[in-house]
Amino acid sequence: MDIQSILEALDASGLSKAIRDSLFLFPMLEAVHVMGLALVFGTILAVDLRLLGLAWSDRPVSKVAGEGLKWTWAAFALAVLTGALMFTTNAEVYFHNTPFRLKMLMMALAGLNMVVFHFVTQRSMDRWDQGVAPPAGAKIAAVLSLALWVGVIGAGRWIGFTVTRAADVAPPPADVNFDDFLGGADPAAAPPSVDVNTAAPAEAPGG
Amino acid sequence: MKEFAEWLSATGPSVFIKTHQAWLIPSIQTLHIVGIGVILGSVFMLNLRILGWAGQDLSLRQAHDRFGPWIVGALWLLALTGLLLIVGEPVRELVTFSFWAKMALVAVGAVAVIGFGRMLRRHEPQWGDALARRPGVRAAALATFAVWLAVIVLGRLIAYDHVWGPLSPAARY
C-alpha cells in the first residue's frame, strides 16, 4: 500500500468525514491541540531556562527536569492525538503542505536534540547539576530546543494560513432565507451541490 | 463596537499590519501561543505543588516565587501581542462573542493568579504549608487551571464564532 492510497483512505474514512461534518469537532480538536502544545512548550521551556542560567539557578537541573518532563510526554501525547485527528480530515493536502512538512522536520530535530542531550551531554550532569553553570553543550541544546519548539508553533500556525479546511457541506450563507427552505422554494435558486475537494472553507483561511 | 472596529481598521498601525499580514499575523500569533504556554505551564507546575504531586521540597511561597514573575511577564507578552492582533484584525477579533467571553475569563484567571500570590505573602507566616491542605485553596487552584484552559478554547473559537449561533454579534450584521 503506497502513501497515496493511505492518504486517500484517511480522507475517505468515516472518522475523517465525521470531523469534517461537525461544526464543533474541528475547532475543539484545535483548542485541545493548543492546550497540549502549550503544556509541552511550557514544561520544556522551564528546563531550557534552567540550563541557560536564566531561571532558578539555585535549584538542581535534575529536579527542574524531573518535576516537569513526565508531564511533557502526557501533553505531547494529547497534541499528537488531536493533531492526527485533524490530519485525517484533509490528509492528502496536509501531507503535501510545506509548513506541515517543516513542522514535522523541526519536531524530528527537536527529538534528536533531546536524544543527544540525554545520552551524551547529560552523562556528566552530576558535575553541573547544582552550583555550577551547565557546560556549553547543555546551553547549545537549550537554545536549539527553544528555537525548534518556537519554530514548531510558528509552522503549525502557518499551516492554518495555507490550508483551507476541507468541508463536505458548505456552510449556509449568513443571510439564508428560511422561507425558501421551508415553503415552495424555487429549485433553480437552490445552491449547487458542493464537491468535497473544492468546497468553500468553513471559515476564512488562517482561522 | 462594529463602528469602532471599522474605524480602527482604517488607522495607520492597522493598515501597516494588514499590509504585512502574510507573515506578521502568524508571527504575532506564535508569540501569543508562546505566552499562553508559559502561563499554562507555570499554573500547572504551581498546581502540582499545591496538590502535593511535585516540588514538595520547596515551601509554597518558594514554589510560587519560582513561577510568579514568569506568569506576570507572560501576561504582559500576551497583552502586547493580543493588542497587536486586535489592531491588525479589529473586526475579526472585536465583533465576536468568543473574544469578550475570553477577556472576562482572562480577567478572572489573572486576578486568581495575582491574588494567590498576595494571599501567600500576607498569610504565609501564620499558615505556612497548611494553606495547600485547605480544600478551598486546592479547589481554587484547579479552577484557575480550568479557567486558563477555557481561555485557550475561547481564543481558538474567535475564528469560529458562528458556533455560538445567535450569541455571536456577527450573526446580527
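Shown above is the structure to which this text applies.
Everything in this summary refers to the structure shown in the same document. These figures come from a predicted structure and were not determined experimentally.

Quick word on the interface of chain A and chain B
Thought 1: On the side of chain B, 33 residues touch chain A, which itself brings 36 residues to the contact.
Thought 2: Taken together, both faces of the contact between chain A and chain B bury some 3000 Å²; the carbon and sulfur share is 76%.
Thought 3: Applying the counting rule to chain A against chain B returns four salt bridges.
Thought 4: Across the salt bridge formed by Asp57 of chain B and Lys63 of chain A, the nearest N and O atoms sit 2.9 Å from each other.
Thought 5: Counting every contact that joins chain A to chain B gives seven residue pairs in polar contact (both at pLDDT 80 or more).
Thought 6: Contributions of two or more residues to the side of chain A that touches chain B are made by α3 (25-51), α4 (61-88) and α7 (136-162) of chain A.
Thought 7: With 15 residues, α3 of chain A is the single largest residue contributor to the side of chain A that touches chain B.

Section: the packing of aromatic side chains
Thought 1: Taken as a whole, this structure holds 12 aromatic pairs over all chains when the rule is applied.
Thought 2: Look at Trp56 of chain A and Phe67 of chain B: their rings are 5.4 Å apart centre to centre, the planes differ by 65°, and that puts the pair in the edge-to-face class. Note that Trp56 of chain A is positioned in the loop between α3 and α4 and Phe67 of chain B in helix α4 (residues 60-88), a pairing that runs across two chains.
Thought 3: Given a relative accessible area of 6%, Phe67 of chain B falls into the buried group.
Thought 4: For the ring pair Phe99 of chain B and Trp100 of chain B, a centre distance of 4.9 Å and an interplane angle of 90° mean the geometry is edge-to-face.
Thought 5: In this structure Phe99 of chain B comes out as buried when scored by relative accessible area, which is 6%.
Thought 6: On the basis of relative accessibility, which here comes to 41%, the residue Trp100 of chain B falls in the partly exposed class.
Thought 7: Following the ring pairs from residue to residue traces out a cluster consisting of Trp71 of chain A together with Phe44, Trp53 and Phe145 of chain B.
Thought 8: We note Arg101 of chain A situated over the ring of Phe95 of chain A; from NZ or CZ to the ring centre the distance is 4.8 Å.

Reading guide: rules and limits
- Residues numbered from 1 in each chain as written.
- Chains lettered and ligands numbered in written order.
- Predicted model: local features only at pLDDT ≥ 70, side-chain atom pairs only at ≥ 80, totals over all residues.
- Heavy atoms only, no water.
- Contact = heavy atoms within 4.5 Å.
- Buried area = accessible area lost by both parts, 1.4 Å probe.
- Salt bridge = Lys/Arg side-chain N within 4 Å of Asp/Glu carboxyl O.
- Polar contact = N/O pair within 3.5 Å; in protein donor to acceptor, adjacent residues only side chain to side chain.
- Helix = DSSP H or I, 4+ residues; strand = E, 2+ residues; numbered from the N terminus.
- Phe/Tyr/Trp six-rings, centres within 6.5 Å; stacked < 30°, edge-to-face > 60°.
- Buried < 20%, exposed > 50% of the residue type's maximum accessible area, 1.4 Å probe, protein only.
- Lys NZ or Arg CZ within 6 Å of the ring centre and 35° of its normal.

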